[in-house]
Amino acid sequence: MNLPSWTLLAQSVLSGVFTGALYGLLGLGIGLSWGLLRTINLAHFAFAFLSAYLCYQMVLSLHLDPMLTLLFIVPMLFLLGAGLHWLTDRFRLTPLSSLLLTFGFMGMAESAMQWFWTADPRQLASSYGDQKVRLGPLFLPIPELMTLVFAIAVTLAAYVVLRHTDLGKALRASAEDSPVAASFGINQRRNSLLLAGTCAALAGLAGVCIALTASISPSQMYAWVGVVFATVMLGGLGSALGPLVAGVVIGVSEAVTMAVTSPSWAPLVSFTLLIVILLARPGRIG
Amino acid sequence: MKLRRAPVAVLGGGLLFCALPVLRLPAFYESFLYLALYWIVLATSWNILSGYAGYFSFGHGAFFGAGVYASATLAGKLKWPFLWTLPVAALVAAAIGVGVGAVAFRVRGVRGELFALLTLAVTFVLATIVANTPIDGGPGVYLNDVPVPALGPTATSSLYLMMLAAAVATLLISWVVRFSRFGAGLFAIHDDEDAAEVMGVPTYRWKLGALAISCALAGLAGGIHALFVSYITTAETFNLTVPLTVVLMSILGGTRHWAGPAVGAVAITVLLFAFTGSSNAVLGKGAVGLILVIGILFMPEGVMRKFQRRGRAVVPDPPPVEATRTESAAVKLAPVTPGVSVSEEPVLRVRALSKSFRGLRALSQVTLEVRKGEILGLLGPNGSGKSTFINTVSGHYLPDGGEVWLDGRNIAGLPAHRIARAGIARTYQIPRPFMQMSVLDNVALAAMYAGQGLRSIEAGRDEAMRWLRFTHLDGKAGVLPTGLNLHQRKFLELARALASRPKLVLLDEVLSGLTPTETHEAVALIRRIRDQGTSIVFVEHVMDAVMALTDRIVVFDQGAMLAEGAPAEVMKRPAVVTAYLGVSYA
């Protein structure tokens, strides 16, 4: 093991922050749905990757700016997420069954993506890709910077909505005690559809960010599962600010590990963190 | 009768299929059957933890993969004879499984979901480790030069025979577990884990045990499969095909039946083969996902369950008795004749027992004793700590301090199942029967696990029947708890508590919600329980019953003991009156 130079270390901390922003972005949707809807949505990853591929395809064949694809992707994902929630609601699935359902959905999505885009990795070629901002000896790539900005923006928005609006209070009340909330006249069906849709829309946004910053292949979505769930658990279920903070912590630890040892060991970092979290503070979860 | 037929059928079927290689069919048939058997082993082994105990593992691919690589390393690199690698493959998989379970099962609350996610993550962590170490290193492992043990006339038939043996073993294990005391414990965990623990089931160890068996069998299948595919890569081994397919097969076949996953496995193998063939392997996973989604939505209980339902005559339940509560209908209860069988010797001594919830002192420094053969009434306003007392003594809560002596042994801080075995039983205020077990099995479970504990299901059921007669529930033995009304469920709680022949029973508001007639019956029953020598702690708000039944009462207020003594005398004390009725301003 040879210690890297300070510049390299700073650069990897920086790239850890960027990756962490993506973890936080994905974790926000999962955590909100887990904490407030009691649904563990594995389909979230499928949603994100579907969006990434859609973004890739639209840029490739329609020559759109990747940012413009959001106009189409976000509403579509909202409908998809609300639809999936309607299904679990309609069939009165238990949390475990809905987990299984989304697991099945993940398999279907992988198969579909492999069918349309093959198993080979795809890389989006966009005008953002080549641009970098220099900050002293460090480089800030534009796509990653945009991801960070998006992550901070939606995290703050989620925080404000949950804390300070009637809708946010209604959602938190429903999660706390659904029958009592219902007896206070909260329309839970509408709210939960809205929330499920929003979570999926967040997955759409995350997907576009993934397409901008990394190469994508269908089976890659599983690689995100462990690390994003570690993010959610570290950040706290249903918390708005937690996932981003936790994501950055995990992202930086991974990046430093990669710089000090070898990149292929990175997945172990989040897993180790996850185990440590579980052993140290089991009370935080649930 | 029917139960004994099952293992014979499995063995007979196994022997029959053993003869297949003699027919010298084209290798295709053996390969196809091999695949069906392979899925039978994987699905059935998954079901032993996930179906029986309800902890869904998404990491069966990890345990399977551990077996694949253990076998490949030993046979390919270290040149072990292939058959010797199989036990090691099973052991390695079991060890990894137990390690994961030891972490996941520790966390209360979202144990089920957490376990599912953790096992999913393990799959990719193992893949990372294997790909980055000399175990694989990246390019994959070739096993072409490993000699296939000559069990049959050809290599394919040898592999087929190995997997056949594994499938027969797996099915037998699945059957044995299903109809054993161990299995009954797993099913209780599935329905209500906390109640199972209180009934004396060592839930943590049982889950780990089931996980170890499940993983070992998956590892065994992996070991054999390593030789079957003969070229192994991490991408092909550690992916979601195995867990996804296995979950689907079990759900489709029925997770509560020992043969359900096997039925599902055969069906899906045939379906996948018919639909996709070999050209569209990509669509296979999608088809599996789609069938899983449809299965969960429209057939959550599986095929075998549907058959069972149809086969069994449905017993019409009598309409539940409407609870007609009239406050004026006072219950006339004869007072207990004092000093009949009560001795001065304590069965339970509680010293300075304390329990706080984040600063709220639910119990502070409670010191009391329960004497042999007495009925001790535990009174106090709502929130005074009565239920916390029961939960702490029975081990559901860990006390913050203090001692609980039962027959000269300090049981404070022991896990609930150890306390149940030591001889303390409890009932729940809101009955918590195991909803998918018959009334008889509900009671038999307590007879098998709590108290001395009976070793076999048959003995447990015999004992259970006795207590069902005692509580006049014998007519309902074969019914599921959904077919009982509240009154009968409360009696079921009593029967479960008694079946372990406890030294001490903690009754948590058994009378609440009962009609006057039902109350009358219950009081008579409680008296009969005491008459056969069991000491009782009786938490109750129904004052008539308290006065009629108890030898002594203890009054709690705000987590501390307020008064103690003979019922009539204590209830007249000003402090007690104030605690119950508030301060008089008149």
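As the structure is a prediction and not an experimental result, all values here were calculated from the model.

## Quick word on the overall build of chain B
- What chain B contains, in helices and strands, is 23 helices and 12 strands.
- The buried share among the 586 residues of chain B stands at 52%.
- For chain B, the proportion of contacts with a sequence separation of at least 24, taken over those separated by at least 6, is 75%.

## Description of the overall build of chain A
- Scanning chain A from terminus to terminus reveals 11 helices and 2 strands.
- When the helices and strands of chain A are listed from N to C terminus, the series reads α-α-α-α-β-β-α-α-α-α-α-α-α.
- Its C-alpha atoms give chain A a radius of gyration of 19 Å, near enough to 19 Å, the size a compact globule of 286 residues would have.
- Principal-axis analysis of the C-alpha atoms places the extent of chain A at approximately 60 × 50 × 35 Å.

## Looking at the nonpolar core
- The biggest cluster of nonpolar side chains holds 282 residues, and the ones touching the most others in it are L25(A), L42(B), A93(B), A121(B), M163(B), M199(B) and V443(B).
- Two domains each donate at least three residues to this core, and these are domain 1 (2-308) and domain 2 (346-581) of chain B.

## Thoughts on helix α4 (residues 95-117) of chain A
- Between its first and last C-alpha, α4(A) extends 32 Å over 23 residues, near the 33 Å set by a 1.5 Å rise per residue.
- Backbone geometry just downstream of α4(A) places T118(A) in the positive-phi region, at approximately 60°.

## Points about the interface of chain A and chain B
- Opposite the 37 residues of chain A that make contact, chain B presents 36 residues.
- Elements with a minimum of two residues in the side of chain A that touches chain B: α4, α9 (220-235) and α11 (266-280) of chain A.
- The dominant element in the side of chain A that touches chain B, judged by the number of residues it contributes, is α4(A), at 17 residues.
- Its residues assigned to classes, the side of chain A that touches chain B comprises 27 nonpolar, 9 polar and 1 charged.

## Section: the domain arrangement of chain B
Residues and elements named next belong to chain B.
- Domains assigned within chain B are domain 1 (2-308) and domain 2 (346-581).
- A straight line from the C-alpha centre of domain 1 to that of domain 2 covers 43 Å.
- At the junction of the two partners, domain 1 supplies 18 residues and domain 2 supplies 24 residues.
- When residues of the side of domain 1 that touches domain 2 are traced back to their parent elements, those giving at least two are α7 (181-191) and α8 (193-198).
- No other element matches α7, which puts 6 residues into the side of domain 1 that touches domain 2.
- Tallied by class, the residues present in the side of domain 1 that touches domain 2 amount to 9 nonpolar, 4 polar and 5 charged.

## Looking at the sheet that holds strand β4 (residues 360-371) of chain B
Residues and elements named next belong to chain B.
- Across the sheet, which stays open at both edges, the 4 strands sit in the order β4-β3-β6-β7 with antiparallel pairing between neighbours. Strands with a single pairing partner mark the edges of an open sheet, and in this sheet they are β4 and β7 (409-410).
- Helix α15 (residues 386-393) rests against β3 (346-357), β4 and β6 (401-406) of the sheet, and its axis sits at about 70° to β4.

## With respect to the pairing of β3(B)
Residues and elements named next belong to chain B.
- Pairing geometry for β3 and β4, over 8 bridges, is antiparallel. Within β4, the position partnered with V350 by the bridge is L368.
- Here β3 hands over to β4 after 2 residues, with R358 in that stretch at a positive phi of 45°.
- Examined bridge by bridge, β3 and β6 share 5 bridges and lie antiparallel to one another. The residue bridging L348 from the neighbouring strand is L406, located in β6.

## Topic: the pairing of strand β5 (residues 375-379) of chain B
All names here are of chain B.
- In terms of residue burial, β5 counts as a mostly covered element, since 5 of its 5 residues are buried.
- In terms of strand pairing, β5 meets strand β10 (residues 535-539) through 4 bridges, oriented parallel. Bridging across to β10, G377 finds its partner in F538.
- With 4 bridges connecting them, β5 and strand β11 (residues 552-557) associate as parallel partners. Paired with L376 across the bridge in β11 is R552.

## Some points on the packing of helix α6 (residues 155-178) of chain B against helix α9 (residues 203-229) of chain B
All names here are of chain B.
- In the contact formed by α6 and α9, the axes pass within 10 Å of each other and the chain directions differ by 170°. Between α6 and α9, the crossing angle belongs to the class labelled roughly antiparallel. The residues of α9 that touch α6, namely those facing L159, M162, M163, A166, T170 and I173, are I213, L217, L220, A221, I224, L227 and F228.
- Classifying every residue of the contact of α6 with α9 gives 12 nonpolar, 1 polar and no charged.

## With respect to the environment of F273(B)
- Topologically, F273(B) is positioned in helix α12 (residues 260-276).
- With 172 residues separating them along the chain, F273(B) and G101(B) place their C-alpha atoms 34 Å apart.

## Comments concerning the sheet that holds strand β9 (residues 504-508) of chain B
Residues and elements named next belong to chain B.
- Read across the sheet, 6 strands follow the order β8-β9-β10-β5-β11-β12 without closing on themselves; strand pairing throughout is mixed. Edge positions in the open sheet fall to β8 (424-426) and β12 (560-565), since each of these has one partner strand only. Geometrically, the sheet is characterised by an average inter-axis angle of 20° between neighbouring strands, direction not taken into account.

## Comments concerning the confidence of the model for chain B
All names here are of chain B.
- Per-residue confidence for chain B averages 83 on the pLDDT scale, and 89% of its residues sit at or above 70.
- The weakest mean pLDDT in chain B belongs to helix α14 (residues 303-311) at 60; the strongest belongs to α9 at 94.
- A low-confidence stretch, residues 311-339 (pLDDT under 50), is modelled with 28 contacts involving residues beyond four sequence positions or located in other chains.
- Here the complex is predicted with pTM 0.81, and the ipTM for its interfaces comes to 0.79.

## Looking at helix α19 (residues 486-498) of chain B
- With 13 residues, α19(B) should cover 18 Å at 1.5 Å per step; its first-to-last C-alpha distance of 18 Å lies within 8% of that length.
- Buried within α19(B) are the following residues: Q488(B), K490(B), F491(B), L492(B), E493(B), L494(B), A495(B), R496(B), A497(B) and L498(B).

## Considerations on the environment of L22(A)
Residues and elements named next belong to chain A.
- Relative to the assigned elements, L22 resides in helix α1 (residues 6-37).
- The exposure class assigned to L22 is buried, which follows from the 27 C-beta atoms found within 10 Å.
- Spatially, the C-alpha atoms of L22 and A125 are 19 Å apart, while their sequence positions differ by 103 residues.
- Residues within four places of L22 in sequence aside, it is in contact with T147, A206, C209 and I210.

## Considerations on the packing of α1(A) against helix α10 (residues 242-260) of chain A
- Two elements in contact, α1(A) and α10(A), have axes whose closest approach is 6 Å; the angle formed by their N-to-C orientations is 140°. The handedness of the crossing between α1(A) and α10(A) is right-handed.

## Brief notes about unusual backbone geometry
Residues and elements named next belong to chain B.
- Its identity as a non-glycine residue notwithstanding, H472 has a phi of 60°, on the positive side.
- Here H472 shows up in the loop between α18 (457-470) and α19.
- The exposure class assigned to H472 is partly exposed, which follows from the 13 C-beta atoms found within 10 Å.
- Here the phi dihedral of E509 falls at roughly 45°; this positive angle occurs in a residue that is not glycine.
- If you trace the backbone, E509 turns up in the loop between β9 and α20 (516-531).

Reading guide: rules and limits
Residues numbered from 1 in each chain as written. Chains lettered and ligands numbered in written order. Predicted model: local features only at pLDDT ≥ 70, side-chain atom pairs only at ≥ 80, totals over all residues. Helix = DSSP H or I, 4+ residues; strand = E, 2+ residues; numbered from the N terminus. Buried ≥ 20, exposed ≤ 12 C-beta atoms within 10 Å, placed from the backbone. Contact = placed C-beta atoms within 7 Å. Rg over C-alpha atoms; globule rule 2.2 N^0.38 Å. Core = buried A, V, L, I, M, F, W, Y, C linked by C-beta atoms within 7 Å. Domains from an automatic or database assignment. Expected span 1.5 Å × (residues − 1). Nonpolar A, V, L, I, M, F, W, Y, C, P; charged D, E, K, R; others polar. Pairing = 2+ DSSP bridges. Axes fitted to C-alpha atoms, helices over the stretch in contact; angles between N-to-C directions. Parallel < 35°, antiparallel > 145°, perpendicular 65-115°, else oblique. pLDDT = per-residue confidence, 0-100. Left-handed = near helix turned anticlockwise from the far one by under 90°.

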